[in-house]
Amino acid sequence: MENIVAVVLTELLMTAFISYLIFFSLKRRNKFTYRDFSIAVIALSMMASMLDSITYYLAFPVTFLNAVIALNISMFEMSIAVIYLLWISFSKKFIGYNTSVSNTLIFLIVFNEVSMGIFLRLIAFGYYPTSSDYSLLSNVFSVISSSLNSYLFIVPMVAEMAVVIAITIESSLNRLISLSIMIQSLFSPTFLGNQGFVLLGIILGTGSMIFFMIIFYERISKGRTSLFPGDMRKMRNIFLLYTLMSASIFIGTLYHSPFYPGWALYGITMVVGMIFYLHIHFPIGEPDKKRTGWIKNPRFVFMILLTSFISEWFLAASIEFQAYAPYFANGFQNFIVFSNLLGGVTVFTSRSVIVDIFYIFGAVPNYYIFLTIMGIEMGALVLFRMRNIQWKEKRVNLALALIAFALYTTIYPNFIGNATYSKLPLWANVGALAPLYPYMVVSLLGSYVLYAVLALLFGRRSYCSTLCPSAVMYGGSFGQSMISFNYESEFSRKNIGSRFKGWVISVISSLWVIMIAVSLLSYLTASRVGSFDLYGIDVSVYFSFFIWNFLWYIFFISIPFVGMSPCRRYGWCTTGTFVGFFSKIGLFKLKVKDPATCVTCPTKDCVSACEVGLGDLAGQFIKTGEFKSAKCVGAGSCLEACPYDNIFFYDIRNFLKERKTKN
Ligand code: SF4
Ligand code: SF4
């Protein structure tokens, strides 16, 4: 690095200058005069114009013309500021601190930051990574990208953010959002301006993003009816920012060479983050007076779920892409198949655009990186919920679900590369990770036998509420807060009740026929009797990807519109309907200690608490004193909700006790 003294001095002065101006503007916000505004605008414009004119002067050959242009850049920028101030003064538009004041200050602060980044890049390295082979636009992008994607830009920006957080008294949500943006910026994969920090930066940034997402999710779950609309908007915006950041990281890792063009969008995203950050500190409008919560606002929850899924998908894919970056050329079509499917690092041969997108989209959630990210996030919410559960059996159940998720993620029973695990009878489903090789038939069938026996003895909860990863996805504080959508969503209301509707039965039957067919085709292909691959991918893998890596997430994200537990209610999970069937014919059922209590019970809380929308629960209790349904996953929310502690689970343990008593 060159001119280190000048670089450090500029950074220190700019950080102090911008921090002071922010402090000055915030302090005087409630009595902001035209004079205050003019001071801020002139000071910021002056600084930016100086930086821009010097940058131009240093970047181009020293000629008389270039010296004149450099001077004019400064004059031009200052003139705009002065004309703007005069216009406001003459038109008597200034009415104190308002939207346009806030936007002007934010624009000028960000403009200064970017100008400083471009200036520092030049004096520190003496050149921009431009080339006469590039178009003018590419060169402009390269200049901007190399200036933003560097510690020279990031460090002062983070320092200013830290100062602002320290000096302003804010609501805890504002502080959390500010901290999140600040830490996210600090962990920028492009901090070093080269590949050196990219992988570590993505991992650290992912960790920080997940940490804050967990906190926001917990707040959202508690604020079902009590969040302020403004706070909901802020949370939605920070999730949108996460998505933008993750998408730009993904592009940076996919187009990793040369470095700067691929990361241009990420640099711009950091600037967007800064704008959002400043908007938090320069708020406009009156504070909210009424708490509305999100119960009547399914779109809010939908956006949160959608943006977090997209962010996590991009981050997981980016970690994988970056890990393999040295081995593949830019672009999807050159991507290397993740080592889990074909048992090693293999060059991905492009098949057709749709198949490529389908395959890569489905492969990411299948891999342990995505599952780890998702598991940490949703698992933390399960732990939050466990703190408030008194019922010991449910705590044990959730703990088992967490362990199952962790094992499923880390040792992956179906892992094709590990002959021991793939022979264990712990298959989630057909084609989860591999074609049906003959040596896997016994373990696959063994899995179904095991799940059937467990369902006969303990009900569907043995799989759906314990072993299946969905138990963790639905079982946390946030998942539980979405149960209210069962009766808010119209689609869900139409499918309430213990019996599957006719259309759901058609879905169940069709999918079972398809699953058996693809299993046979997969077996025949794997045994080399015939070849039934589609574009080189086994048909059972398509099936598995479609059901669990597409449909599952699409429905999960759509819970605000389709109600809770869609995989259990709408019949497309073949494993779920399988265990549901054995649960129905098995020993498991819900019973009440006293049906008469249900008759007089005014609230019927068990019904509204049910995860799968078993609306006839109370009616059945009154009629028969018990309840049985293929849909019931034994989540136990009804037991917890019953104010009279009237419900209990009946399974093999009760059956054996009864037998013992009789004998
Ligand atoms: S229905 Fe399927 S995906 Fe849903 S909880 Fe049950 S086994 Fe898991
Ligand atoms: S089970 Fe409990 S909540 Fe449900 S109707 Fe009976 S007494 Fe009421």
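Residues numbered from 1 in each chain as written. Chains lettered and ligands numbered in written order. Predicted model: local features only at pLDDT ≥ 70, side-chain atom pairs only at ≥ 80, totals over all residues. Heavy atoms only, no water.

(A) A look at the overall build of the protein chain. Along its length, the protein chain carries 33 helices and five strands. Considering only C-alpha atoms, the protein chain reaches an extent of 105 × 65 × 35 Å along its principal axes. Out of the 663 residues in the protein chain, the part that is buried amounts to 56%. Partitioning the intrachain contacts of the protein chain with sequence separation of at least 6 by distance along the chain shows that 76% fall at a separation of at least 24. About 28700 Å² of surface is accessible on the protein chain, with carbon and sulfur atoms providing 69% of the total. (Helix = DSSP H or I, 4+ residues; strand = E, 2+ residues; numbered from the N terminus. Buried < 20%, exposed > 50% of the residue type's maximum accessible area, 1.4 Å probe, protein only. Contact = heavy atoms within 4.5 Å. Areas by Shrake-Rupley, 256 points an atom, 1.4 Å probe, with all protein chains shown as cover.)

(B) Spatial organisation of the layout of surface pockets. Counted as a void, the largest pocket has a volume near 890 Å³. Lining the largest pocket we find 27 residues, and of these Asn174, Lys234, Ile280, Pro283 and Ile284 sit closest to its centre. Those elements that place two or more of their residues in the lining of the largest pocket are helix 1 (4–27), helix 9 (229–254) and helix 11 (264–281). Here the lining of the largest pocket is composed, by residue class, of 11 nonpolar, eight polar and eight charged. (1 Å grid on protein atoms, 1.4 Å probe; cavity = no way out; pocket = protein on both sides within 12 Å on 5 of 7 lines; lining within 4 Å. Points joined across faces, edges and corners; volume = space filled by probe spheres on them. Nonpolar A, V, L, I, M, F, W, Y, C, P; charged D, E, K, R; others polar.)

(C) Quick look at the sheet that holds strand 4 (residues 626–627). Read from one edge to the other, the open sheet built from three strands follows the order 4-3-5, with strand pairing classed as antiparallel. A strand with exactly one partner marks an edge of an open sheet, and here the two such strands are strand 4 and strand 5 (647–650). Direction of pairing for strand 3 (residues 589–592) relative to strand 5: antiparallel, over a ladder of four bridges. Its bridge partner lying in strand 5, Val592 is registered against Ile647. (Pairing = 2+ DSSP bridges.)

(D) Main features of the environment of Tyr487. Among the secondary structure elements, Tyr487 is positioned in helix 22 (residues 485–488). A relative accessible area of 28% means that Tyr487 is categorised as partly exposed. Along the chain, Tyr487 and Ile647 lie 160 residues apart, while their C-alpha atoms are 22 Å from each other.

(E) Expanded view of the site of ligand 1. Contacts to ligand 1 come from Arg460, Tyr463, Cys464, Cys468, Ser470, Trp552, Cys567, Arg568, Cys573 and Gly576. Secondary structure elements with two or more residues in the shell around ligand 1: helix 19 (461–467) and helix 27 (566–569). Class assignment for the residues of the shell around ligand 1 results in six nonpolar, two polar and two charged. (Near = heavy atom within 4 Å.)

(F) View of the site of ligand 2. Taken together, the residues surrounding ligand 2 are Cys598, Cys601, Lys604, Asp605, Cys606, Ala618, Phe621, Cys642, Pro643, Tyr644 and Ile647. If you list the elements that add at least two residues to the shell around ligand 2, you get helix 30 (605–609) and helix 31 (617–624). When the residues that make up the shell around ligand 2 are grouped by side-chain class, the tally is nine nonpolar, no polar and two charged.

(G) Just the pattern of salt bridges, in detail. Summed over all chains, the structure comprises 13 salt bridges. Ionic pairing is found between Glu490 and Lys494, a salt bridge with its closest N-O pair at 3.6 Å. Highlighted residues: Glu490 and Lys494, both in helix 23 (residues 490–494), separated by four residues, approximately one helical turn. Put simply, Glu393, Arg461, Asp651 and Arg653 are held in one network by salt bridges that share partners. (Salt bridge = Lys/Arg side-chain N within 4 Å of Asp/Glu carboxyl O.)

(H) Spotlight on the pairing of strand 3. Where strand 3 and strand 4 come together, two bridges link them in antiparallel fashion. The residue bridging Lys591 from the neighbouring strand is Glu626, located in strand 4.

(I) Here's a closer look at the packing of aromatic side chains. If you walk through the whole model with that rule in mind, you get 55 aromatic pairs. Aromatic pair Phe370 and Tyr553: ring centres 5.7 Å apart, planes at 90°, arrangement edge-to-face. Placement of Phe370 in helix 15 (residues 368–386) and of Tyr553 in helix 25 (residues 539–557) is noted, with a sequence separation of 183 residues between them. With respect to class, Phe370 is no different from Tyr553; both count as buried. Taking 5.2 Å as the distance between ring centres and 55° as the angle between the ring planes, the aromatic pair formed by Phe491 and Tyr570 counts as tilted. Separated by 79 residues along the polypeptide, Phe491 in helix 23 and Tyr570 in the loop between helix 27 and helix 28 (574–585) bring together distant segments of the chain. (Phe/Tyr/Trp six-rings, centres within 6.5 Å; stacked < 30°, edge-to-face > 60°.)

(J) Geometry of the domain arrangement of the protein chain. The assigned domain composition of the protein chain is domain 1 (1–127), domain 2 (137–330), domain 3 (350–581) and domain 4 (583–662). Of note, the centres of domain 3 and domain 4, computed from C-alpha atoms alone, are 26 Å apart. The partner domain 4 presents 32 residues to the 32 residues of domain 3 that form the contact. Contact between domain 3 and domain 4 buries roughly 2600 Å² in total, counting both sides, with carbon and sulfur atoms accounting for 54%. In this assembly, domain 3 and domain 4 are joined by four salt bridges. A salt bridge links Arg653 to Glu393; its shortest N-O distance comes to 3.1 Å. When contributions to the side of domain 3 that touches domain 4 are tallied by element, the ones reaching two or more residues are helix 16 (392–410), helix 18 (441–458), helix 19, helix 22, helix 27 and helix 28. For the side of domain 3 that touches domain 4, the class distribution of residues is 15 nonpolar, nine polar and eight charged. (Domains from an automatic or database assignment. Buried area = accessible area lost by both parts, 1.4 Å probe.)

(K) Just the packing of helix 12 (residues 298–324) against helix 25, in detail. Following both chains from N to C, one finds helix 12 and helix 25 inclined at 145°, their axes separated by 8 Å at the closest point. Residues Phe302, Leu305, Leu306 and Phe309 of helix 12 touch helix 25, and the partners they reach there are Tyr553, Phe556 and Ile557. By residue class, the composition of the contact of helix 12 with helix 25 is seven nonpolar, no polar and no charged. (Axes fitted to C-alpha atoms, helices over the stretch in contact; angles between N-to-C directions.)

(L) Expanded view of the environment of Asn174. Looking at the element boundaries, Asn174 is found in helix 7 (residues 172–186). Sequence-wise, Asn174 and Leu58 are 116 residues apart; in three dimensions their C-alpha atoms are separated by 40 Å. Not counting the four nearest positions on each side in its chain, Asn174 is found in contact with Lys234 and Ile280.

(M) Local environment of a nonpolar patch on the surface. Taken together, Leu137, Phe141, Leu244, Ile251, Tyr255, Leu265, Ile268 and Val272 make up a surface patch of nonpolar side chains, about 640 Å² in accessible area. Broken down by secondary-structure element, the contributors of at least two residues to the nonpolar patch are helix 5 (136–148), helix 9 and helix 11. It is helix 11 that provides the largest number of residues to the nonpolar patch, a total of three residues. Position of Leu137 among the secondary structure elements: in helix 5. (Patch = residues over 30% accessible without salt bridge, like charges linked within 9 Å, V, L, I, M, F, W, Y side chains within 5 Å.)

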